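Close look at the chain arrangement
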Amino acid sequence: MRSVIGNRTVGLGLAAMITIAATLSVTATFKSSAPGLGLEPVGGAENLIQLIQGQEHIVWSALTGTVTSYEAVGWPSSAGDVELGGALVIERPADTSAGIIDFGERPMSLEFHLNR
């Protein structure tokens, strides 16, 4: 009986640690409504990340926490009759508090993953 109680206690502790780790990770999402337009924050993303947007570059700065990775998704395009997906960039920045994204065009969406 003692080993069952010990296993449950360890299991509860592990579940608590996973729950705490999950609550410390957040995502900041920015989306554009049409090609060439700027990215707009979704769900309070402007409180987590500050963006300065150019035509080909995006300068970002984390307002809280550290950025572990970001994903930029480009607009879909076509080559004749062939539909192509949009470009995709997934990067883990060396500097987790600020950086520059050289995407070549304004992306369709940009998602930052942060630890707080």
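Residues numbered from 1 in each chain as written. Predicted model: local features only at pLDDT ≥ 70, side-chain atom pairs only at ≥ 80, totals over all residues. Heavy atoms only, no water.

1. Observations concerning the nonpolar core
In this structure, Phe 30, Ile 49, Leu 51, Trp 60, Leu 110 and Phe 112 are the most contacted members of the largest nonpolar core, which totals 18 residues. For this core, the elements supplying multiple residues, two or more each, are strand E1 (25-31), strand E3 (49-53), strand E4 (57-62), strand E5 (66-73) and strand E10 (109-115). Leave out the neighbours within four places in its chain, and Ile 49 touches Ala 28, Phe 30, Trp 60, Ser 61, Ala 62, Leu 63, Val 67, Phe 112 and Leu 114. (Core = buried A, V, L, I, M, F, W, Y, C linked by side-chain atoms within 4.5 Å. Buried < 20%, exposed > 50% of the residue type's maximum accessible area, 1.4 Å probe, protein only. Helix = DSSP H or I, 4+ residues; strand = E, 2+ residues; numbered from the N terminus. Contact = heavy atoms within 4.5 Å.)

2. A look at the pairing of E4
Only one face of E4 is buried: it carries Ile 58, Trp 60 and Ala 62, and the other face, with His 57, Val 59 and Ser 61, is open. Relative to E4, E3 is paired through five bridges, and the arrangement is antiparallel. Residue pairing for E4: Gln 50 is matched across the bridge by Ser 61. Here E4 runs beside strand E9 (residues 98-102); their pairing, made up of five bridges, is antiparallel. (Pairing = 2+ DSSP bridges.)

3. Here we look at the side chain of Ser 32
Relative to the elements of secondary structure, Ser 32 occurs in the loop between E1 and strand E2 (40-42). For Ser 32, the side chain forms a polar contact with the main-chain oxygen of Ala 34, separated by 2.9 Å. A polar contact is formed between the side chain of Ser 32 and the backbone oxygen of Leu 37, at a distance of 3.0 Å. Residues within four places of Ser 32 in sequence aside, it is in contact with Leu 37, Gly 38, Leu 39, Trp 75, Pro 107 and Met 108. (Polar contact = N/O pair within 3.5 Å; in protein donor to acceptor, adjacent residues only side chain to side chain.)

Limitation: the analysis is restricted to geometry and does not speak to function.
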